[in-house]
Amino acid sequence: MIDAAGLYRTVRLIRRFEERAIELVHDGTIVGGIHPYLGQEAIAAGTCAALRPDDVITSTHRGHGHVLAKGADPARTLAELTGRATGLNKGRGGSMHAADFSLGILGANAIVGAAVPIATGAAWAARRAGLDRVAVTYFGDGAVSQGVVLETMNLAALWRVPVVFVCENNGFATTTRFEDAVAGTVTGRAAAFDIPASTVDGSDPEAVLAGTARAVARARAGDGPSLVECVAYRFDAHHTWEHAARPRYRTDEEVSAGMTRDPVEIQGARIPADVRARIDAEIEALLDEAVRFACESPFPDVAGALDHLYADGLRARAGVS
Ligand SMILES: Cc1ncc(C[n+]2csc(CCOP(=O)(O)OP(=O)(O)O)c2C)c(N)n1
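Quick caveat: nothing in here was measured; it's all calculated off a predicted structure.

Conventions used here
- Residues numbered from 1 in each chain as written.
- Predicted model: local features only at pLDDT ≥ 70, side-chain atom pairs only at ≥ 80, totals over all residues.
- Heavy atoms only, no water.
- Helix = DSSP H or I, 4+ residues; strand = E, 2+ residues; numbered from the N terminus.
- Rg over C-alpha atoms; globule rule 2.2 N^0.38 Å.
- Contact = heavy atoms within 4.5 Å.
- Areas by Shrake-Rupley, 256 points an atom, 1.4 Å probe, with all protein chains shown as cover.
- Lys, Arg positive; Asp, Glu negative; His and termini not counted.
- Charge placed at Lys NZ, Arg CZ, Asp CG, Glu CD.
- Buried < 20%, exposed > 50% of the residue type's maximum accessible area, 1.4 Å probe, protein only.
- Polar contact = N/O pair within 3.5 Å; in protein donor to acceptor, adjacent residues only side chain to side chain.
- Near = heavy atom within 4 Å.
- Nonpolar A, V, L, I, M, F, W, Y, C, P; charged D, E, K, R; others polar.
- UniProt positions renumbered as here; feature names shortened; annotations may be inferred.
- Salt bridge = Lys/Arg side-chain N within 4 Å of Asp/Glu carboxyl O.
- Axes fitted to C-alpha atoms, helices over the stretch in contact; angles between N-to-C directions.
- Parallel < 35°, antiparallel > 145°, perpendicular 65-115°, else oblique.
- Phe/Tyr/Trp six-rings, centres within 6.5 Å; stacked < 30°, edge-to-face > 60°.
- Lys NZ or Arg CZ within 6 Å of the ring centre and 35° of its normal.
- Core = buried A, V, L, I, M, F, W, Y, C linked by side-chain atoms within 4.5 Å.
- Pairing = 2+ DSSP bridges.

1. Let's talk about the overall build of the protein
Across its full length, the protein carries 13 helices and seven strands. Against the 2.2 N^0.38 benchmark of 20 Å for 321 residues, the protein shows a C-alpha radius of gyration of 19 Å, consistent with a compact globule. The dimensions of the protein, computed from C-alpha atoms along their principal axes, are 55 × 50 × 40 Å. Across the protein, every contact between residues at least 6 apart in sequence was considered, and the portion connecting residues at least 24 apart equals 74%. Just so you have it, the protein exposes about 14,100 Å², and 55% of that area is on carbon and sulfur atoms. The positive charge centre, built from 32 side chains, and the negative charge centre, built from 40, are 4 Å apart in the protein.

Written out as structure tokens, the structure is:
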């Protein structure tokens with residue numbers, strides 16, 4: 001089981017990875033922008049700490065933290081964000097489709113709610129194969145009224161699928177407040193299917209770990225799905241597009257108040273200062289190297305633009321070559 005320093009390392013890695021990635025967006029190295037995970041690091045760190053290496057996850061448009069917490073190489077992840085041939089997905093996926101099947105990362109997904117049935121199907125397949133693997137699927141509060149999410153919860157409960165639904169409630173779907181878009185509650189949706197659900201402090205890695213560990217143990221024991229609602233605050237923009245456009249849907253005072261619950265500070269306060277300083281220095285060196293690796297990596301060859309897009313043996317439609 002991971003210790004306090006290990007959890008700190010993960011939240012700090014995600015924090016600094018995102019800050020470096022934002023710099024690369026601003027200088028044009030990452031084209032198209034990213035959805036920063038700042039403020040929500042404890043959710044990825046705490047949930048993945050409850051998993052085994054052979055467990056699987058699916059992620060969202062705001063997925064860098066999940067991918068890193070599940071063990072993806074920061075250098076290859078950054079190479080993916082910068083569209084390089086050395087990226088996790090050879091530069092084809094970019095920020096919103098990062099995957100590494102060898103680590104159980106079945107992919108980020110740009111379509112809100114769409115990764116939920118994928119994780120649930122993977123969990124079902126593992127169970128049918130006699131494996132005791134668990135799947136975790138992340139989704140935002142903006143996904144909780146999507147039909148596909150609710151349909152998946154229904155089947156997961158009916159078939160006792162070993163999946164953990166992790167709702168990251170950061171209070172907003174783009175610029176729409178949770179209260180303006182969601183009737184009822186997140187946990188109430190699970191209750192409708194007799195799925196046990198809890199709400200945890202999504203700014204605290206240890207609270208997230210404790211809540212997820214219960215859900216994972218239940219799934220592994222064959223007792224079916226659970227839902228964990230992790231409440232946190234999104235510190236930065238919905239998307240880096242906001243840095244220039246500056247839409248006004250929350251006040252500076254609200255953001256400052258939200259940022260007082262900082263996962264890095266919460267976990268950092270639990271470890272000795274010298275251990276924290278050593279981890280911080282290690283991460284800076286790791287990310288310096290990751291940025292160098294990404295920026296010096298080649299772009300994919302244009303002649304191979306259609307390579308790696310289809311499963312082996314499938315061909316592109318006639319006329320597309
Ligand atoms: C099916 C679908 N509808 C709309 C969008 C556009 N969209 C992208 S992110 C987003 C908000 C998602 O909010 P939430 O699920 O709470 O996640 P968060 O962005 O807060 O992490 C929307 C509406 C989309 N990608 N997919």
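Moving on from the coordinates now.
2. A short note on helix H4 (residues 74-81)
Of all eight residues that make up H4, seven are buried, and the element is covered over most of its length. Within H4, burial applies to Pro74, Ala75, Thr77, Leu78, Ala79, Glu80 and Leu81. Looking at the buried positions of H4, the neighbouring elements they touch are helix H1 (4-26), helix H3 (64-69) and helix H13 (273-296). Looking at where H4 begins, the residue whose side-chain oxygen comes 3.1 Å from the main-chain nitrogen of alanine 75 is aspartate 73.

3. Regarding the site of the ligand
Residues in close proximity to the ligand total 15 residues, the closest being His61, Arg62, Gly142, Asn170 and Phe172. Within the backbone of aspartate 141, one N or O atom sits 3.3 Å away from an oxygen atom of the ligand. Surface burial for the ligand is 69%, taken as the share of its 580 Å² of free accessible area covered by protein chains. Within the shell around the ligand, the residues separate by chemical class into six nonpolar, seven polar and two charged.

4. Here's the deal with the UniProt feature "domain: Dehydrogenase E1 component" (unreviewed entry) in the protein
With numbering matched to this structure, UniProt assigns "domain: Dehydrogenase E1 component" (unreviewed entry) to residues 10-301. The straight-line gap between the two end C-alpha atoms of residues 10-301 is 34 Å; of that span, 46% is helix and 11% is strand.

5. Let's talk about the side chain of arginine 84
On the secondary structure map, arginine 84 appears in the loop between H4 and helix H5 (115-128). It is aspartate 27 that comes nearest to the buried, bridge-free arginine 84 among opposite-charge side chains, at 8.2 Å. Setting aside chain neighbours within four positions, we find arginine 84 in contact with Thr29, Ala79, Lys90, Gly91, Ala294, Cys295, Ser297, Pro298, Phe299 and Pro300.

6. A short note on the packing of H1 against helix H9 (residues 205-220)
Direction vectors running N to C along H1 and H9 enclose 105 degrees, while the axes themselves pass 10 Å from each other. By the angle between their axes, H1 is roughly perpendicular relative to H9. Where H1 abuts H9, its residues Ala4, Leu7 and Val11 lie against Pro205, Glu206 and Leu209. Across the contact of H1 with H9, the residue classes break down as five nonpolar, no polar and one charged.

7. Details of the packing of aromatic side chains
Enumeration over the complete set of coordinates arrives at two aromatic pairs. Directly above the aromatic system of phenylalanine 172 lies the positively charged group of arginine 250, at a separation of 5.5 Å from the ring centroid.

8. Things to note about the nonpolar core
Core analysis: the biggest nonpolar cluster contains 61 residues, and Leu78 and Val164 have the highest contact counts within it. The element contributing the most residues to this core is H1, with 10 residues. Sequence-distant contacts of valine 164, defined by excluding residues within four places in its chain, comprise Val134, Ala135, Val136, Thr137, Ala215, Val216, Ser226 and Val228. Counting 21 residues, the second-largest nonpolar core is a separate cluster that includes Ala135, Phe139, Val161 and Phe165.

9. Points about the pattern of salt bridges
Applying the stated rule across the entire model yields 23 salt bridges. Across the pair glutamate 41 and arginine 15 runs a salt bridge whose closest N-O atoms are separated by 2.6 Å. Here glutamate 41, found in helix H2 (residues 41-48), pairs with arginine 15, found in helix H1; they are 26 residues apart in sequence, far enough to count as distant. The exposure classification of glutamate 41 matches that of arginine 15, with both residues buried.

10. So, the pairing of strand S2 (residues 135-140)
Of all six residues that make up S2, five are buried, and the element is covered over most of its length. Pairing of strand S1 (residues 56-58) with S2, which is carried by three bridges, proceeds in the parallel orientation. Opposite valine 56, over in S2, you have alanine 135 as the bridge partner. Where S2 lies against strand S3 (residues 163-169), six bridges are found, and the strand directions are parallel. When the sheet's bridge partners are listed, glycine 140 is paired in S3 with glutamate 168.

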